[in-house]
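# Coordinates in review
Now for the letters of each chain:
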Amino acid sequence: KTLGGSSSINACVYIRGHSSDFDAWAAQGCEGWSYQDVLPYFKRSEHYETDSQTATQAGPAISQFHGNNGPLNIAMPRSRNLLSHAFVQAGLQAGHPHNHDFNGATQSGVGLYRAYHKGGQRCSNARAYLTPIRSRPNLTVVTDALTCKILLEGKRATGLEYHHKGQMKQARAKREVLLCGGAFNSPQLLMLSGIGPREELQKHGIAVAHELPGVGTNLQDHLDVFLVMRTNNRLPISLHPLSWLRWLGGLLRYALQRRGELTSNLAEAGGFLRSDPSEPIEDLQLHMVPLTATRHALNLWPLFKTYAYSVMIYDLRPLSRGRISLNSANPQDAPVIDPNYGSQQRDISRLAKGVRAVRRIVQQAALARFNHSEMAPGAHVQSDAALEDWVRQTAETAYHPVGTCKMGIDETAVVDPQLKVRGIEGLRVVDCSIMPTIVGGNTNAAATMIAEKAADMILGKRV
């Protein structure tokens, strides 16, 4: 819970998604959301830093696909581990093309990721959009508050009720209420306010203000696994005692110059590839991380014991669908989150194929010279059945939940293509919960695009 939301805690990787993701939204009835419709909003949000190498490699495509006047600074991080460069070379040796811009003409291939960085530090949405305007007289930022419900007068939203410093308070809206709670909190707030599936509301004694059966359904997320390779050297990031002097020097360099290893976003390199040649577009994304990744750092102990690098593999378009429901009518109770991971066998099989694809990459000469042994899944895990069992035992969220206030025109849609909650006046949802289907990549860029586009809608501009 912080200003900037997930943009203040994520891996800073700048990926928009595949152009076909947005064209699919438009094909489902979301008029105005095709790739050509949303590209101007991606460009408007960014200040795309270029250097001589980028200009030479990308040329005119930079202006075609990128902007340089937006608030979010997109840059190459100031430090890259040698293993990240070796990963890119190994990908080339495995037959994958080199991609200098995953947000350009094509997503396919391997390369170095650009990041939300500025001056060697994170450039979060709060730093880019909010900090520069905190002094505006028409802006009030309230922190340490819990929104409890949307205030309704009939079928119109008129404000919010929230708990702040031991008191219940209200904020009234003259025009519209904008709900930006994300894929978990936005549907929860709608249901707490009496907007959602009738049966779910009645189960918790909440009066039905407006029945919308799709609220909380259609939950999607990227499921991932990590292939981990122990190295025969000390190149990776580690907390091993032998690295402590290295980190003391790194800390001083960062403090004085904002340079060195501590400017890394960790997910320095990666790529997009197909799990099978029959796939029409890339269906797997890779993040190469020069450290031992165990449960997304929920377990740091391996970092003290080993030197290793990890390759995160995730399925870009899972078939499994989950849902958000209520624990109770008390807003202080977290919602029930049922992601329903792996309910479709294809999702599990695709990740197993991804492990095989990454094994081919790390066995190439560029990386093989650094390898000692495979820590996970382990050399003994070879058959399809064994790999799929390992996936089910170890897969975890990539923290990209979307879809629970789906945009569309069918009976399960929660918002229309203008992001207005169907059947309620003066209420829009503006976050990743409106995605009909998850985008093929990290979700922060798409979330920002949604907000940029919503801003024009709110202002009544033609979009």
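The structure contained in this document is the topic of the report that follows. (Residues numbered from 1 in each chain as written. Predicted model: local features only at pLDDT ≥ 70, side-chain atom pairs only at ≥ 80, totals over all residues. Heavy atoms only, no water.)

### Side note on the nonpolar core
- Within the largest apolar cluster, 58 residues are counted, with the highest numbers of intra-cluster contacts made by Trp25, Trp33, Leu190, Leu419, Val421, Leu427 and Met449.
- Those residues in contact with Leu190, other than ones at most four positions away along the chain, are Ile150, Leu179, Ile195, Val215, Cys405, Val414, Val421 and Leu427.
- Grouped together as the second largest cluster of nonpolar side chains are 54 residues, Leu223, Leu273, Ala308 and Leu367 included. (Core = buried A, V, L, I, M, F, W, Y, C linked by side-chain atoms within 4.5 Å. Buried < 20%, exposed > 50% of the residue type's maximum accessible area, 1.4 Å probe, protein only. Contact = heavy atoms within 4.5 Å.)

### A word on the pairing of strand β13 (residues 269–273)
- Across the five residues that make up β13, a large majority, five, are buried.
- Burial along β13 is two-sided: Ala269, Gly271 and Leu273 and Gly270 and Phe272, pointing in opposite directions, are all buried.
- Sheet analysis places strand β3 (residues 109–112) next to β13, joined by four bridges and oriented antiparallel. Bridge assignment links Gly109 to a residue of β13, and that residue is Phe272.
- For β13 and strand β14 (residues 284–289), the ladder comprises five bridges, and the chain directions are antiparallel. Looking across to β14, one finds that Gly270 is bridged to His287. (Helix = DSSP H or I, 4+ residues; strand = E, 2+ residues; numbered from the N terminus. Pairing = 2+ DSSP bridges.)

### What to know about the sheet that holds strand β6 (residues 145–153)
- With antiparallel pairing, the three strands of this open sheet are ordered in space as β6-β7-β8. Two strands close off the open sheet at either side, each with one partner strand: β6 and β8 (167–172). Pairwise comparison of adjacent strand axes, ignoring direction, gives a mean angle of 25° for this sheet.
- The pairing of β6 with strand β7 (residues 156–164) spans eight bridges and is antiparallel. Across the sheet, Glu153 pairs through a bridge with Arg156, a residue of β7. (Axes fitted to C-alpha atoms, helices over the stretch in contact; angles between N-to-C directions.)

### A closer look at the packing of aromatic side chains
- The final tally for this structure, using the stated rule, is seven aromatic pairs.
- An aromatic cluster is present here, built from Phe22, Trp25, Trp33 and Phe42 joined pairwise through their rings.
- When the ring centre of Tyr254 is taken as reference, the NZ or CZ atom of Arg258 above it lies at 4.6 Å.
- The ring of Trp33 has Lys453 lying over it, and the distance from NZ or CZ to the ring centre is 5.1 Å. (Phe/Tyr/Trp six-rings, centres within 6.5 Å; stacked < 30°, edge-to-face > 60°. Lys NZ or Arg CZ within 6 Å of the ring centre and 35° of its normal.)

### Some thoughts on the packing of helix α1 (residues 19–27) against helix α2 (residues 35–45)
- α2 packs onto α1 with a crossing angle of 125° between their chain directions and a minimal axis gap of 8 Å. When the interaxial angle is binned, α1 and α2 end up oblique. For the pair α1 and α2, contact is made by Ser19, Phe22 and Asp23 and by Tyr35, Val38 and Phe42, respectively.
- By residue class, the composition of the contact of α1 with α2 is four nonpolar, one polar and one charged. (Parallel < 35°, antiparallel > 145°, perpendicular 65-115°, else oblique. Nonpolar A, V, L, I, M, F, W, Y, C, P; charged D, E, K, R; others polar.)

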